[in-house]
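One-letter residues, chain by chain:
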Amino acid sequence: MTPQAATSSQSTASAASASRPPYTANATAAEIAARLSATKRFIVTTHAKPDGDALGSTLAIARALTRHGAQGEVWVVGPWPRWMPQIAGDTPLRKVSADAPDVSLSAPIDTTIVTDTGSWSQLDGLKDWLATRADQTLIIDHHLHGDASIASLRYIDTSAAAVTELCAEVIEHLLGLDVLDGFPPEIAEPLYLGLATDTGWFKYSNVTPDTLALASRLLASGVNHARLYQLTEQTDDPSRPRLLGKALSSLEFHADGRIALMCLRQSDFDATGAGTEDTGGFAESVMAVAGVSVVCTLTEMSRPGQPTQLTKGSLRSKPGPHAIDVAAVTATLGGGGHARAAGVKLAMPIEQARAAILQALSAACASAHAATPGT
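Reading the values: the criteria
Residues numbered from 1 in each chain as written. Predicted model: local features only at pLDDT ≥ 70, side-chain atom pairs only at ≥ 80, totals over all residues. Heavy atoms only, no water. Buried < 20%, exposed > 50% of the residue type's maximum accessible area, 1.4 Å probe, protein only. Helix = DSSP H or I, 4+ residues; strand = E, 2+ residues; numbered from the N terminus. Arc of directions from axis to C-beta. Contact = heavy atoms within 4.5 Å. Polar contact = N/O pair within 3.5 Å; in protein donor to acceptor, adjacent residues only side chain to side chain. Pairing = 2+ DSSP bridges. pLDDT = per-residue confidence, 0-100. Salt bridge = Lys/Arg side-chain N within 4 Å of Asp/Glu carboxyl O. Phe/Tyr/Trp six-rings, centres within 6.5 Å; stacked < 30°, edge-to-face > 60°. Axes fitted to C-alpha atoms, helices over the stretch in contact; angles between N-to-C directions. Parallel < 35°, antiparallel > 145°, perpendicular 65-115°, else oblique. Left-handed = near helix turned anticlockwise from the far one by under 90°. Nonpolar A, V, L, I, M, F, W, Y, C, P; charged D, E, K, R; others polar.

A.B. asks: I would appreciate a short explanation of helix 2 (residues 29–37) in the present structure.
C.D. replies: An α-helical segment advances 3.6 residues per turn. Residues three or four places apart therefore align on the same side. When helix 2 is considered as a whole, its buried residues turn out to be A29, I32, A33 and L36. The buried side chains of helix 2 occupy one side of the element, clustering within an arc of 100° when seen end-on. Buried residues along helix 2 sit in contact with helix 3 (52–67), strand 4 (111–115), strand 5 (137–141), strand 6 (153–156) and helix 6 (163–175).

Below is the structure:
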């Protein structure tokens, strides 16, 4: 697909999205909790390739429901972090394959909860199963874009630094906790995990006073901050830094150094023995460069010769007067996320994806600078 063809596809996608119901909240935390309080059997799930916020939110909700007397399990579509088993512990957890999902149920369920996403494109392997369950599905999310058709009840707050902030509110209502009460330790840990990882351990621009107040409360509930950091950030396989080296060796700069782009091909994964789950956080090394406004990491997701080539783009941007809204950029290509962190999957080879992403980022970068007087 050429950049021109990509633009045509973007126009078609924009027209289609305009006809969909808006992805907005239609319930409060208290209303979500009231619905959960009637739950007997549940499934909690999240986006494929879950991060700390996705896993933390599913585990926290599942454990709160179990404490409330319900039964159920967490469903996770991989790949997943190496540390997931230590965090999950004895919480019932099913690893679902995107290609051949096992969605059989041992007994009927009355509630499905989707956390940290509301997008069909991020629910690989579960779309067909979820498509017939909107009336019993709830969404708890903090992303800008999604598909309202997934769930009849949606608690969405895009100002939240992590979805576990919103889950904490729901759990307070569900368990009858006061804002000064501590959380049960088994619930506090996954809540803190999501909060810490989605804020870059409290260094990103999405941190608010409420974020830090909740973090303090969770620490007071017994969370071992040092253990979680070591478990999630300091247990990499040697293949990961080798893959980072491949990514950095592909680094290129555009738009007078404001755009940085890295490409990871299947040959890089083959050479290092790393997996796609090892690519998280690669942008951080490049964000340290003073002139860079946005970093894009492109990952080849399918091998040459396969009928459909797929490329994943992960974008991160800095706050400030020339900030680029990467959620808006990726939305033009069929993706989404947050203003400072977003992603997209493109059904095209990596070189064509590179051209399409650079075209969109260059336009956004020029617009951001033109909007600021004197630049």
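A.B. asks: How should the side chain of T46 be read in this particular structure?
C.D. replies: Examined against the element boundaries, T46 turns out to sit in strand 1 (residues 41–46). Among the polar contacts listed, one links the side chain of T46 to the backbone oxygen of T115, at a separation of 2.7 Å. Excluding its chain neighbours within four sequence positions, the residues that come into contact with T46 are A54, T58, W75, T115, D116, T117 and L123.

A.B. asks: Explain the pairing of strand 10 (residues 311–317) here, please?
C.D. replies: Along a regular strand, successive side chains alternate from one face of the sheet to the other. The two faces of strand 10 differ: T311, G313, L315 and S317 on one face are buried, but K312, S314 and R316 on the other face are not. Relative to strand 10, strand 9 (residues 294–300) runs antiparallel, the two being bridged by seven bridges. Looking at strand 10, one finds that C296 is bridged to L315. Taken together, the six bridges between strand 10 and strand 12 (residues 341–346) define a ladder with antiparallel strand orientation. Each residue of the ladder has a partner; that of T311, found in strand 12, is L346.

A.B. asks: I keep staring at the confidence of the model for the chain and nothing clicks. Help me out?
C.D. replies: The predicted coordinates should not be examined in detail at positions where pLDDT is low. Considering every residue of the chain, the mean pLDDT works out to 89; 92% of them sit at 70 or more. pLDDT under 50 marks residues 1–17. Its contacts with residues more than four places away, or in other chains, come to 11 contacts.

A.B. asks: I keep staring at the pattern of salt bridges and nothing clicks. Help me out?
C.D. replies: Here the idea is simple: oppositely charged side chains can pair when their charged atoms come close. Under the counting rule described, the total for this entry stands at 11 salt bridges. Salt-bridge contacts for R82 lead to D278; the nearest nitrogen and oxygen are separated by 2.7 Å. With R82 in the loop between strand 2 (71–77) and helix 4 (84–88) and D278 in the loop between helix 11 (266–272) and helix 12 (283–287), the pair connects residues that are 196 residues apart, well separated along the chain. Here E189 ties to R227 by a salt bridge, and the two come within 2.6 Å at their closest N and O atoms. Residue E189 is located in helix 7 (residues 185–198), and its partner R227 is located in helix 9 (residues 225–233); the two are separated by 38 residues in the primary sequence.

A.B. asks: I'm lost on the packing of aromatic side chains in this one. Help?
C.D. replies: Geometrically, a pair of aromatic rings is defined through the distance of the ring centres and the angle of the planes. Counted by the stated rule, this structure contains three aromatic pairs. With centroids separated by 5.8 Å and ring planes inclined at 55°, the aromatic side chains of Y192 and F202 adopt a geometry described as tilted. You can see Y192 sitting in helix 7 and its partner F202 sitting in the loop between helix 7 and helix 8 (209–220), a full 10 residues away along the chain. Judged by relative accessible area, which is 2%, Y192 ranks as buried. Residues W201 and Y229 carry aromatic rings whose centres are separated by 4.9 Å and whose planes lie at 80° to one another, so their mutual orientation is edge-to-face. Highlighted residues: W201 in the loop between helix 7 and helix 8 and Y229 in helix 9, separated in sequence by 28 residues. The buried category is assigned to W201, whose relative accessible area is 15%.

A.B. asks: Honestly, the packing of helix 2 against helix 6 in this entry has me stumped. Any pointers?
C.D. replies: A pair of packed helices is characterised by two quantities: the angle between their axes and the separation of those axes. Following both chains from N to C, one finds helix 2 and helix 6 inclined at 50°, their axes separated by 8 Å at the closest point. In terms of axis orientation, helix 2 runs oblique to helix 6. The chirality of how helix 2 crosses helix 6 is right-handed. Counting all contacts with helix 2, which are made through A29, A30, I32, A33, L36 and S37, the residues of helix 6 involved are E169, V170, H173 and L174. For the contact of helix 2 with helix 6, the residue count by class is seven nonpolar, two polar and one charged.

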